[in-house]
Amino acid sequence: MSTSMAAMLMPLVLLVAAVWLACTVLGLHALILGRLPGRWLQRHVRQPRLWGVGALLVALSGLNHPSFIVIGLGLMALGHVVKSAP
């Protein structure tokens, strides 16, 4: 691999690593504590534990299991939509 190709791939690798780390940290935070950090996430996510499980599935499945990524994204979407029981 030439150095120019490596220089082009490095930002992509860093972006994927940052998204993976963010999904892992936010997923664990939401799953363990039952809430999300930041105002925006707290206002928009109605079920933080469900959202956290989805974020962890996205982070831990990697690129080897695309079906787990789809399931994780679906759980994250459900975390935004589903209302909590009274």
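### Regarding the overall build of the chain
Move 1: Each helix and strand counted, the chain has four helices and zero strands in total.
Move 2: Each helix and strand of the chain, placed in order from N terminus to C terminus, yields the pattern α-α-α-α.
Move 3: A compact globule built from 86 residues should have a C-alpha radius of gyration of about 12 Å, whereas the chain, at 15 Å, is more than 25% larger.
Move 4: Each principal axis of the C-alpha atoms in the chain carries an extent, and together these give about 60 × 30 × 20 Å.
Move 5: Going through the 86 residues of the chain one by one, you find that 23% of them count as buried.
Move 6: The long-range share in the chain, meaning contacts at least 24 apart out of those at least 6 apart in sequence, stands at 43%.
Move 7: Surface summary for the chain: the accessible area is close to 6,200 Å², and the carbon and sulfur share equals 74%.

### Some thoughts on the nonpolar core
Move 1: Cys23, Ala30, Leu36, Leu41, Val45, Trp51, Ala55, Val58, Ala59 and Met76 together form the largest nonpolar core, which totals 10 residues.
Move 2: For this core, the elements supplying multiple residues, two or more each, are α1 (3–33) and α3 (48–61).
Move 3: Looking at which element gives the most residues to this core, the answer is α3, with four residues.
Move 4: Discounting chain neighbours no more than four positions away, the residues touching Trp51 are Leu26, Ala30, Leu36, Leu41, Val45, Leu75, Met76, Gly79 and His80.

### Observations concerning the packing of α1 against α3
Geometry of a packed helix pair, given as the angle between the helix axes and the separation of the axes.
Move 1: Between α1 and α3, whose axes approach to 7 Å, the crossing angle comes to 150°. Taken together, the axes of α1 and α3 are roughly antiparallel relative to one another. Every pair of crossing elements has a handedness; the one defined by α1 and α3 is left-handed. Here α1 contributes Trp20, Cys23, Thr24, Leu26, Gly27, Leu28, Ala30, Leu31, Ile32 and Leu33 to the contact with α3, which in turn contributes Pro48, Arg49, Trp51, Gly52, Val53, Ala55, Leu56, Val58 and Ala59.
Move 2: Within the contact of α1 with α3, the residues separate by chemical class into 15 nonpolar, three polar and one charged.

Analysis parameters
- Residues numbered from 1 in each chain as written.
- Predicted model: local features only at pLDDT ≥ 70, side-chain atom pairs only at ≥ 80, totals over all residues.
- Heavy atoms only, no water.
- Helix = DSSP H or I, 4+ residues; strand = E, 2+ residues; numbered from the N terminus.
- Rg over C-alpha atoms; globule rule 2.2 N^0.38 Å.
- Buried < 20%, exposed > 50% of the residue type's maximum accessible area, 1.4 Å probe, protein only.
- Contact = heavy atoms within 4.5 Å.
- Areas by Shrake-Rupley, 256 points an atom, 1.4 Å probe, with all protein chains shown as cover.
- Core = buried A, V, L, I, M, F, W, Y, C linked by side-chain atoms within 4.5 Å.
- Axes fitted to C-alpha atoms, helices over the stretch in contact; angles between N-to-C directions.
- Parallel < 35°, antiparallel > 145°, perpendicular 65-115°, else oblique.
- Left-handed = near helix turned anticlockwise from the far one by under 90°.
- Nonpolar A, V, L, I, M, F, W, Y, C, P; charged D, E, K, R; others polar.

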